[in-house]
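Results of the structural survey
Chain by chain, the residues run as shown.
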Amino acid sequence: MNFSGLKRLIESADEHAFYDVALLQLRQLGYGDLHVVDGPYDGGKDVESDRKHVQIQLSVRKDWEKKIKEESLKALKSGARHILFLTNRRITPRAEANFLSSYPYKNQLELTIYDSSRIATNLSQPGRIAQSYKLLGVEVKGNTKFSVSDIAASVALLFGDEASELREATADSVALSWLRFHTGASEEEAIAGIAGILPGVTPERLARSSLSRLRIAGEITGPKSAMALSDSAKAKVDSAESELIAVRAADIQTISDRLELPQDVAEELLDISIELTIRSQKAGWSGAIDDELAGFLKAHGLTRKRSEINEIIANLGTVAKYSYIGTIDKLFSSNTFDIMRAFGGVREIKLVLDTSVTLPLLFGLEFGSDATGYSSASSVMKEVSDGHGFELFIPKPYLNEMASHGHKALDFLDLYSTFEPELRGVMRASPNAYLSHYAAISERAQAKGEELLSLQEFLEHFGIRRGSTIGNAERVIRGLMEAHQIFVVWDGRYDQAIKDEIAEQKPHHPEVVVKHDAAVCSKLNAHASEGFIFATWDKVLIDLLHGRLSVYADNPGRIVDWLAFTQGIETGIDGSVEILAALAIVDEGKAAKLAEKLQAIESEDAVFKLNQIIRDTRKAKGVERLESGEVEEILDVELASLVAANDDEGVEDLPSVPEG
């Protein structure tokens, strides 16, 4: 399905389905803090948002003209400047023009109408259409095709060194700015405060890492219970803040003088202008901040001066100071869709776990994740994955390993019971995951004065007991995992060539373990048209799967590092405005490096050259499609020469991912 199909679905949707789609449209336009307000049934709903001067109305009424007039009168009485009307009806351009020509409040209110056609146009874009269909109860299968520049841009934002450096620099700037005004805060207070400003699925992780970097660099001093900035860090923040205040005051005066506005009104226009810049949107009617600007201009009789105001905004010192803000906005507004695009345009991504990851995760889910570092890392990974809506799976061969591993712990049951308490803690270093984790949770329980669980009770919780079969343990473990939305997939068949390659790298591993790994890698390799993140601590498997376009294999810590930087599926394009003051001390050089890389990727001439290099490499290798590792190598070698090519964006589809 495409635009026309989505448009028909919107027009035939029932009231509640349309409201869900309309809220998705509002989020994509940049409206935040959305709340549907219940009221008397009148064929419409009011929506509250973070734009207090914009009144939003959702309607399924046929008499849309009458409904708009009714809501406009309410908007005027409430002090609103702008009314946004979303309907599942089709309103032709002529019908809208005729209505607007006689609209009784056109000199008092700004009015924007989104009919079924306009909503479908916005939501039929890649990254939005699948979610729109889902809200309307329709399943869409198949992958989306993207241009070389689309995929390369997402790869650069998610995995590039420049992006990683800029993310860290921005997080550090926010941390420094927050601590400057919260001297003496404890580490936990700082993490909560900084995380409240930073975007991402797990901003707490960003904040914690930033504080650690700054302490190592000597920019944070004092104990964790009462932190403060060093004198040099404090001077850097104060200097940036003073400069920003001076530039801001000059801008307010410029606006006030040029437009003959009071200082407070000029300041409000400046704030709208800054946010417009942060969101990297041109003045128009395409988003929440544009709607607010239009309403502001209408309320102050400045609509006819729109061109002059655009020229003033473009030359404001504050705006010029943040000329690179668009790059930072792209970085921090990357989302689940960018992940899917980086994986070649897949519609869904599955997180596949191996035994070494699933066992600590299951232990943590059942008994608390704070006992071991492995449990903690796996639990954070699941939390971040859930934020993106990724389903979790464990291959059936690894389920067998989990049960077998537990049965081996039974051999130690009698001996463990003879240990003195002081000796039992040594078992934290046991190579058996059940024994090591049991020792860890026992230590934790003892430290907290909680009742101790016996080793036998711990093993029986997972269906592991003497006289019982491995198959019974598999069924119990499977039930526990499914209760946590972790599902079992795939059988044990494998590709012999892959098995031989793993066996060569693992000469001392049991044959059955090699076959299990081979079966999983064979499935990941065969399902090339789907997207997979494979979580494992096994470097052999990570290296084996490196370069597959639709598979990313790594350990849980590294997976969290890049998943946590991206927004979740419920997050729209809205960027964080609160980081503005902190961004005054971001190293512009780091932002410039990423900006140049993105400009090169997105320019028409650069894409033409990149396409040609890829075609030539394909031909030389005799393959239909290069693997992502090969594409990354081409980018690393060629991109420096492409940076200078900053023409308009060009598009050429990559060939679809072959099956098998």
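A few words now on the overall build of the protein chain. In terms of regular secondary structure, the protein chain is built from 32 helices and 12 strands. Residue pairs at least 24 apart in sequence account for 72% of intrachain contacts in the protein chain once pairs closer than 6 positions are excluded. Put simply, the protein chain shows about 29900 Å² of open surface, and 50% of that area lies on carbon and sulfur atoms.

Bringing a negative patch on the surface into the picture now. On the surface, D495, D500, E501 and E504 cluster together into a patch of negative charge. When you line up the elements, D500 lands in helix α26 (residues 496-505). For D500, a relative accessible area of 39% puts it in the partly exposed group.

The subject of this paragraph is the sheet that holds strand β8 (residues 349-353). Taken in spatial order, the 5 strands line up as β10-β9-β8-β11-β12 in an open sheet, and their pairing is parallel. Two strands in the sheet have a free side with no partner beyond their single neighbour: β10 (486-489) and β12 (551-554). Averaged over all neighbouring strand pairs, the angle between strand axes comes to 30°, with direction disregarded. Sitting on the sheet, helix α20 (residues 396-410) touches β8, β9 (391-395), β10 and β11 (531-535), and the angle it makes with β9 is about 70°.

Attention shifts here to the nonpolar core. Formed by 73 residues in total, the largest nonpolar core has its most connected members in Y434 and I533. With 7 residues, helix α23 (residues 433-448) is the largest single contributor of residues to this core. Core analysis: the second largest hydrophobic core is formed by 28 residues, I10, A13, L29 and L123 among them.

Time to look at the pattern of salt bridges. Oppositely charged side chains can pair when the atoms bearing their charge come close. Throughout the structure, instances matching the rule amount to 30 salt bridges. Measuring nitrogen to oxygen at the nearest pair gives 2.9 Å for the salt bridge that ties E11 to K7. Of this pair, E11 and K7 both sit in helix α1 (residues 3-12), 4 residues apart, which is roughly one turn of the helix. For E11, a relative accessible area of 28% gives the class partly exposed. A salt bridge links K74 to E71; the nearest nitrogen and oxygen atoms lie 3.4 Å apart. Of the two residues, K74 and E71 are both situated in helix α3 (residues 64-78); the distance of 3 residues between them amounts to about one turn of the helix. Using a relative accessible area of 1% as the deciding quantity, one classes E71 as buried. Counted as one network, the salt bridges with shared partners bring together R61, D63 and E70.

All chains considered together, the criterion is met by 17 aromatic pairs. Both rings, one in F363 and one in F462, keep their centres 5.4 Å apart while their planes meet at 75°; by these two values the pair is edge-to-face. Here F363 is found in helix α18 (residues 355-367), whereas its partner F462 is found in the loop between α24 (455-461) and α25 (470-483), with 99 residues between them in sequence. Grouping residues by exposure puts F363 and F462 together as buried.

Turning our attention to the environment of P397. Within the element layout of this structure, P397 appears in helix α20. By relative accessible area, which is 6% here, P397 ends up buried.

Here we take up the side chain of S59. Examined against the element boundaries, S59 turns out to sit in strand β3 (residues 54-59). In terms of polar contacts, S59 uses its side chain to reach the backbone amide nitrogen of R61, at 3.2 Å.

Let us look at the packing of α20 against α25. Between two packed helices, the angle of one axis relative to the other and the distance separating the axes together describe the packing. Orientation of α20 relative to α25, taken along the N-to-C sense of each, is 115°, at an axis distance of 9 Å. Here α20 and α25 pass one another in a crossing that is right-handed. Residues L399, N400, M402, A403, S404 and H407 of α20 lie in contact with α25, whose contacting residues are I470, A473, E474, I477, R478 and M481. Across the contact of α20 with α25, the residue classes tally to 7 nonpolar, 3 polar and 2 charged.

Before going further, it helps to spend a moment on the pairing of β8. With respect to burial, β8 is a largely interior element, 5 of its 5 residues being buried. The two faces of β8 match: I349, L351 and L353 on one face and K350 and V352 on the other face are all buried. Relative to β11, β8 is paired through 5 bridges, and the arrangement is parallel. Directly across from I349, in β11, lies its bridge partner G531. Alignment of β8 against β9, held across 3 bridges, turns out to be parallel. Paired with L351 across the bridge in β9 is L392.

A separate point is the environment of N88. Following the sequence through the fold, N88 ends up in the loop between β4 (82-87) and α4 (93-101). Residues N88 and E15, 73 residues apart in the sequence, show an inter-C-alpha distance of 9.0 Å. Excluding residues that lie within four positions of it along the chain, N88 makes contacts with I10, E11, A13, F18, S59, V60 and S116.

Before going further, it helps to examine unusual backbone geometry. Located in the positive-phi region is Q485, a residue other than glycine, with phi close to 65°. Checked against the element boundaries, Q485 lands in the loop between α25 and β10. Phi is positive for W490, close to 65°, though the residue is something other than glycine. With respect to the secondary-structure elements, W490 resides in the loop between β10 and α26.

Here helix α27 (residues 511-526) contains 16 residues, and its C-alpha end-to-end distance of 22 Å stays within 8% of the 22 Å for a straight helix at 1.5 Å per residue. When we look at burial in α27, the residues that qualify are V514, H516, D517, A518, A519, V520, C521, S522, K523 and L524.

Residue placement: K106 occurs in the loop between α4 and β5 (110-114). Owing to a relative accessible area of 37%, K106 belongs among the partly exposed residues under this scheme. With 34 residues separating them along the chain, K106 and S72 place their C-alpha atoms 9.8 Å apart. Not counting residues within four places of it along the chain, the set of residues in contact with K106 comprises L100, S101 and K298. For K106, the side chain forms a polar contact with the main-chain oxygen of S101, separated by 2.9 Å.

Conventions used here
- Residues numbered from 1 in each chain as written.
- Predicted model: local features only at pLDDT ≥ 70, side-chain atom pairs only at ≥ 80, totals over all residues.
- Heavy atoms only, no water.
- Helix = DSSP H or I, 4+ residues; strand = E, 2+ residues; numbered from the N terminus.
- Contact = heavy atoms within 4.5 Å.
- Areas by Shrake-Rupley, 256 points an atom, 1.4 Å probe, with all protein chains shown as cover.
- Patch = residues over 30% accessible without salt bridge, like charges linked within 9 Å, V, L, I, M, F, W, Y side chains within 5 Å.
- Salt bridge = Lys/Arg side-chain N within 4 Å of Asp/Glu carboxyl O.
- Lys, Arg positive; Asp, Glu negative; His and termini not counted.
- Charge placed at Lys NZ, Arg CZ, Asp CG, Glu CD.
- Buried < 20%, exposed > 50% of the residue type's maximum accessible area, 1.4 Å probe, protein only.
- Pairing = 2+ DSSP bridges.
- Axes fitted to C-alpha atoms, helices over the stretch in contact; angles between N-to-C directions.
- Core = buried A, V, L, I, M, F, W, Y, C linked by side-chain atoms within 4.5 Å.
- Phe/Tyr/Trp six-rings, centres within 6.5 Å; stacked < 30°, edge-to-face > 60°.
- Polar contact = N/O pair within 3.5 Å; in protein donor to acceptor, adjacent residues only side chain to side chain.
- Left-handed = near helix turned anticlockwise from the far one by under 90°.
- Nonpolar A, V, L, I, M, F, W, Y, C, P; charged D, E, K, R; others polar.
- Expected span 1.5 Å × (residues − 1).

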